[in-house]
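So the chains spell out like this:
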Amino acid sequence: MTQHNPAEPFDRDAAGDYRQRSRYFLGKSREYLAEGDLHQASEKGWGAAAWMAKAVAETRGWEYARHEQFNVVLTQARDLTGNYRILELRGLANDLHRNFYTRRRFLDAVDIGASLDRMAELLDLLEPLTDRVNGAT
């Protein structure tokens, strides 16, 4: 994804694909949780947040080409909306990502399930930022 002028047209198809994939990953995270695969549940939960952030970045003309830009995009989303809950949920998303590298015995299915519920909340907060009409931000 390249940075573009927010006043110029954006790739609506790409933003839509990112949104759709985000919701798909959230659904997969719940399936993995039900199967007891806590590593994949966690990673797909983080992926859902990351892909919705990609949709926001594409729509808004913000750069998101590297993994670490997830945090930057969510800070920009907080700045745009004034909603500090986005940053709290960003932290949970990053915790889910760290779970992928954590030994199974240190993971808790109840905690991961609660975090996945919060990822649904994050997606709901971010998704309206992917609606852009006539180049307005």
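Above this text you will find the structure in question.
Engineer: How would you explain the packing of helix α4 (residues 85-99) against helix α5 (residues 109-126) if you had to name every residue and give the values?
Structural biologist: Following both chains from N to C, one finds α4 and α5 inclined at 135°, their axes separated by 9 Å at the closest point. Considering their axes alone, α4 and α5 lie oblique with respect to each other. Remark: the crossing between α4 and α5 carries left-handed chirality. Two secondary-structure elements touch here, α4 through Arg85, Ile86, Leu89, Leu92, Ala93, Leu96 and Asn99 and α5 through Ile112, Ser115, Leu116, Arg118, Met119, Glu121, Leu122, Leu125 and Leu126. Taken together, the residues of the contact of α4 with α5 sort by class into eleven nonpolar, two polar and three charged.

Engineer: Help me get a handle on the packing of aromatic side chains, residues and values and all.
Structural biologist: If you walk through the whole model with that rule in mind, you get five aromatic pairs. Summarising the aromatic geometry, the rings of Tyr24 and Phe25 are spaced 5.8 Å apart at their centres and angled 55° between planes, so their arrangement reads as tilted. For Tyr24, a relative accessible area of 39% puts it in the partly exposed group. Overall, Phe25 belongs to the buried group, its relative accessible area being 12%. Pairing Phe100 with Tyr101 gives two aromatic rings, centres 5.2 Å apart and planes at 85°, and the pair type is edge-to-face. Judged by its relative accessible area of 33%, Phe100 falls in the partly exposed class. The exposure class of Tyr101 is exposed, given its relative accessible area of 62%. Here the aromatic cluster, defined as three or more aromatic residues joined through ring pairs, consists of Tyr18, Tyr24, Phe25 and Trp51. One residue, Lys28, lies across the ring of Tyr32, its end atom 5.6 Å from the ring centre. In this structure, Lys54 packs its charged tip against the face of Tyr64, placed 4.8 Å from the ring centre.

What counts and what doesn't
Residues numbered from 1 in each chain as written. Predicted model: local features only at pLDDT ≥ 70, side-chain atom pairs only at ≥ 80, totals over all residues. Heavy atoms only, no water. Axes fitted to C-alpha atoms, helices over the stretch in contact; angles between N-to-C directions. Helix = DSSP H or I, 4+ residues; strand = E, 2+ residues; numbered from the N terminus. Parallel < 35°, antiparallel > 145°, perpendicular 65-115°, else oblique. Left-handed = near helix turned anticlockwise from the far one by under 90°. Contact = heavy atoms within 4.5 Å. Nonpolar A, V, L, I, M, F, W, Y, C, P; charged D, E, K, R; others polar. Phe/Tyr/Trp six-rings, centres within 6.5 Å; stacked < 30°, edge-to-face > 60°. Buried < 20%, exposed > 50% of the residue type's maximum accessible area, 1.4 Å probe, protein only. Lys NZ or Arg CZ within 6 Å of the ring centre and 35° of its normal.

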